[in-house]
Amino acid sequence: MTTSYTARPRRRALLAAAALAAAGALTLTACGGDADANDDGKNGKGKDGADGLAITISAKDGSTGASINATGVKAEGGKLTDVKMTLVSTGAAVDGTLSSDGSSWKPKAQLERGMKYRITANAEDAKGKEATENSIFTTVSEANSFIGSYTPDGGTKVGVGMPVSFTFDKAITEKQDVQSHIKVTSDSGQKVVGHWFGDNRLDFRPEEYWKAGSKVTMKIDLEGVKGAEGATGVQNKTVSFTIGRAQVSTVDVQAKKMTVERDGKVVKTIPISAGSPSNPTYNGQMVISEKFTQTRMNGDTVGFGGEYDIKDVPHAMRLSSSGTFIHGNYWGSPSIFGSANTSHGCVGLQDAQGAGDSSTQGAWFYDNSLIGDVVTVKGSPDKTVSPDNGLNGWNMSWSEWTAGSAG
């Protein structure tokens, strides 16, 4: 797609090479008093001069390390009439937005790291005189920058247990500087603190679960922030998400049942089959981090060899990064649910093959669960799940959590 804004047909001015060398900020300014009588309106001046008409491209021509967020074009003494930005390697157009007054233009989306781009910008003053500016530049490389992948996404609705979790693509040594440039706040007024799990992961949570119905905002201001030697941040954005109703489900391994509470009231009790004595389920508070209508579960991927390979597990919701799920089970006898723990560590609910029967317990729980809902397991002979195994930092006391903050 080509981004083009054209006021009306006009002559495009030519840039003098000397103007590029002299204009450190890539601006072109024409002075009207000394216009040559034979000037035909080219060279950015026009016959009568275009006093003060200037175009500034934030990324200088020939520069490397340009921002992937702040690159744009501005005009002074006139209006931008046409801006084209392309990826040099392929010629693909970069879509952009022109301000309503024609004074500025910026890409609609974040640029890619380590890529070469070309911008050609044209402007016109009130007298119809024109100017053109060009720049070919390269954005900051992946080797010299860091970026944080985060969850949850902006605009989503999540459960009360959902932490804000960043995973950085570089090991962070300047933890205090990086953490101080990420602000997570809630309109509930809850205090939110960050906690580092190693050098690449930073999570944020309040002392207690988020308040139902609240709005959480994370302001990421990492542009130019040093994260480690030779690696600076490139992100600059603000995203918000909302907290849904408060749903916490408790799996009692000994009783082989799960009690679902919503906003403090029990809404359903479901018979379950948890991990067998030889493969017990983790204890602790676990947060639903992914949902799959159907998914494949292969024992080879989690250290169980060829013990199982089920290609169509219905209504599966991840509870740990090591492979703990709460999911539907159609292959087990209906008699096991509520009476026997038979799984390899997951929590199973009676379900139908194909995930198409909405009357099953597995379908009901899937349909009534959000990413970020909490599933607490108790009574298992296994240990408590590690706080960094999934989004499970709630298994740390508040004093332990705050002790891991660099803020």
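Residues numbered from 1 in each chain as written. Predicted model: local features only at pLDDT ≥ 70, side-chain atom pairs only at ≥ 80, totals over all residues. Heavy atoms only, no water.

Asker: How do you make sense of the pairing of strand E13 (residues 192–197) when you look at a structure like this?
Answerer: Each regular strand displays side chains that alternate between the two surfaces of the sheet. Across the six residues of E13, six count as buried, placing the element largely inside the fold. Neither face of E13 is exposed, since Val 192, Gly 194 and Trp 196 on one face and Val 193, His 195 and Phe 197 on the opposite face are all buried. In terms of strand pairing, E13 meets strand E14 (residues 201–206) through six bridges, oriented antiparallel. Residue pairing for E14: Trp 196 is matched across the bridge by Leu 202. Between the end of E13 and the start of E14, which pair antiparallel, lie three residues, with Gly 198 showing a positive phi angle near 75°. (Buried < 20%, exposed > 50% of the residue type's maximum accessible area, 1.4 Å probe, protein only. Helix = DSSP H or I, 4+ residues; strand = E, 2+ residues; numbered from the N terminus. Pairing = 2+ DSSP bridges.)

Asker: I tried to follow the side chain of Ser 369 on my own but got confused; where do I start?
Answerer: As for its placement among the helices and strands, Ser 369 is situated in the loop between helix H3 (361–367) and strand E27 (374–378). Ignoring any residue separated from it by four or fewer positions in sequence, one finds Ser 369 in contact with Arg 245, Gln 247, Ile 288, Lys 291 and Met 317. (Contact = heavy atoms within 4.5 Å.)

Asker: Help me understand the pairing of strand E25 (residues 325–329) in this model?
Answerer: For E25, the tally of buried residues reaches five of five residues, placing the bulk of the element in the interior. Pairing of strand E24 (residues 309–318) with E25, which is carried by two bridges, proceeds in the antiparallel orientation. Each residue of the ladder has a partner; that of Arg 318, found in E25, is Phe 325. Linkage of E24 to E25, two consecutive antiparallel strands, is achieved through a turn of six residues, within which Gly 323 is found at a positive phi near 120°. Here E25 pairs with strand E26 (residues 347–350) via four bridges, running parallel. For Asn 329, the partnering residue across the bridge sits in E26 and is Gln 350.

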